[in-house]
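Structural features, examined
Now for the letters of each chain:
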Amino acid sequence: GLKKKEVHVLCLGLDNSGKTTIINKLKPSNAQTQDIVPTIGFSIEKFKTSSLSFTVFDMSGQGKYRDLWEHYYKEGQAIIFVIDSSDKLRMVVAKEELDTLLNHPDIKHRRLPILFFANKMDLREAVSSVKVSQLLSLENIKDKPWHICASDALKGEGLQEGVDWLQGQMQ
Ligand code: GTP
Ligand code: MG
């Protein structure tokens, strides 16, 4: 068949937000792993949608590895930014990392689509995706298309909506 268009996506966000769990769920079931461990450095993953072939740089969110992120910014054609909606204490840290990302010279002046997952919506202490977007001041992002989806990566809920949006942005 026809070869799908290849796109490079960076998956960013704090440690324990659910990045690897989300990417794993987007793979075909026979390619999914059962036990997910904290990412060391980064991992390159692939999944396909109806029209695109995604290569994802699944970065570690641990503080000691966050300095690695910027080395991949030039390569990225889109960003998936994952937030643990139940981690109110670290929401401000997530915002700081997002602001640093948005102000980076390799990101600042590019019209990169950003897909936000307000993840862990299944947890009782989770705040809504509207609240997450307020806490991260997403309304201030005016020069890039962005979209936020509530997700439960354990059940896979909300992921398809997000990826459909991203695919639409990358055609
Ligand atoms: P790093 O690789 O360290 O940056 O973390 P990560 O963002 O890749 O997080 P990871 O996917 O490893 O998930 C961290 C923990 O959160 C795991 O125990 C997951 O099972 C759990 N988790 C991920 N998504 C969800 C979710 O939607 N709901 C709940 N309740 N737990 C989740
Ligand atoms: Mg990970």
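Above this note sits the structure.
Below you will find a few notes about this structure. Keep in mind that this is a model prediction, so the values were computed, not measured.

Another aspect to go through is helix H2 (residues 91-102). Taking 1.5 Å of rise per residue, twelve residues should cover 16 Å, and H2 covers 16 Å from first to last C-alpha, within 8% of that figure. Residues of H2 that are buried include every one of Met-91, Ala-94, Glu-97, Leu-98, Leu-101 and Leu-102, and no others. Taken end-on, H2 shows its buried residues confined to a sector of 135 degrees, consistent with a single buried face.

Between the first and last C-alpha of helix H5 (residues 159-170) there are 17 Å, a value that for twelve residues agrees with the 16 Å anticipated at 1.5 Å per step. Within the sequence span of H5, burial applies to Leu-159, Gly-162, Val-163, Trp-165, Leu-166, Gln-167 and Met-170.

Taken in spatial order, the six strands line up as E2-E3-E1-E4-E5-E6 in an open sheet, and their pairing is mixed. Taken across any chain shown, the strands that pair with only one partner, and hence form the sheet edges, are strand E2 (42-48) and strand E6 (146-150). Put simply, the sheet's adjacent strands are angled 20 degrees from each other on average, direction ignored. Of the pairings in the sheet, the one linking strand E1 (residues 5-12) to strand E4 (residues 78-84) comprises four bridges and is parallel in character. Directly across from Leu-12, in E4, lies its bridge partner Phe-81. Contacts from H2 reach E1, E4 and strand E5 (114-119), with the element oriented near 165 degrees to E4. Along the sheet, H5 makes contact with E1, E2, strand E3 (52-59), E4, E5 and E6, crossing E5 at roughly 175 degrees.

A few words on the coordination of the magnesium ion (ligand 2). The protein atoms that coordinate the magnesium ion (ligand 2) are Thr-20 (OG1) and Thr-39 (OG1), at distances of 2.0 to 2.1 Å. Taken together, the residues Thr-20 in helix H1 (residues 19-25) and Thr-39 in the loop between H1 and E2 connect sequence positions 19 residues apart.

For E3, a buried count of eight out of eight residues is recorded, marking the element as mostly surrounded by other parts of the structure. Here seven bridges tie E1 to E3, and the two strands are oriented parallel to one another. Bridging across to E3, Val-9 finds its partner in Val-56. With seven bridges joining them, E2 and E3 adopt antiparallel strand pairing.

Turning our eyes to something else, we now look at the nonpolar core. In terms of nonpolar packing, the biggest core is built from 27 residues, with Leu-12, Ile-79, Phe-81, Leu-98, Leu-101, Phe-116 and Val-132 touching the most fellow members. Elements that contribute at least two residues to this core include exactly E1, E3, E4, H2 and E5. Look past the residues within four positions of Val-132 in its chain and what remains in contact with it is Ile-83, Ser-85, Met-91, Ala-118, Val-127 and Ile-148. The next biggest cluster of nonpolar side chains, apart from the first, holds 22 residues, and it includes Val-7, Cys-11, Ile-23 and Leu-166.

One pass over the full model with this rule turns up eleven salt bridges. A salt bridge links Glu-45 to Lys-27, with the nearest nitrogen and oxygen atoms 2.5 Å apart. Of this pair, Glu-45 sits in strand E2 while Lys-27 sits in the loop between H1 and E2, and the two are 18 residues apart along the sequence. Each member of the pair, Glu-45 together with Lys-27, is buried. One salt bridge in this structure joins Lys-95 and Asp-99, with 2.7 Å as the shortest N-O distance. Note that Lys-95 and Asp-99 are positioned in helix H2 at a spacing of four residues, about one turn of the helix. Classification of Lys-95 as partly exposed rests on a relative accessible area of 24%. Put simply, Asp-15, Arg-66, Asp-87, Arg-90 and Glu-97 are held in one network by salt bridges that share partners.

Conventions used here
Residues numbered from 1 in each chain as written. Chains lettered and ligands numbered in written order. Predicted model: local features only at pLDDT ≥ 70, side-chain atom pairs only at ≥ 80, totals over all residues. Heavy atoms only, no water. Helix = DSSP H or I, 4+ residues; strand = E, 2+ residues; numbered from the N terminus. Expected span 1.5 Å × (residues − 1). Buried < 20%, exposed > 50% of the residue type's maximum accessible area, 1.4 Å probe, protein only. Arc of directions from axis to C-beta. Pairing = 2+ DSSP bridges. Axes fitted to C-alpha atoms, helices over the stretch in contact; angles between N-to-C directions. Contact = heavy atoms within 4.5 Å. Donors = N, O, S within 2.8 Å, 3.2 Å for Na, K, Ca; no water. Core = buried A, V, L, I, M, F, W, Y, C linked by side-chain atoms within 4.5 Å. Salt bridge = Lys/Arg side-chain N within 4 Å of Asp/Glu carboxyl O.

Functional significance is not addressed by these values, which are geometric in nature.
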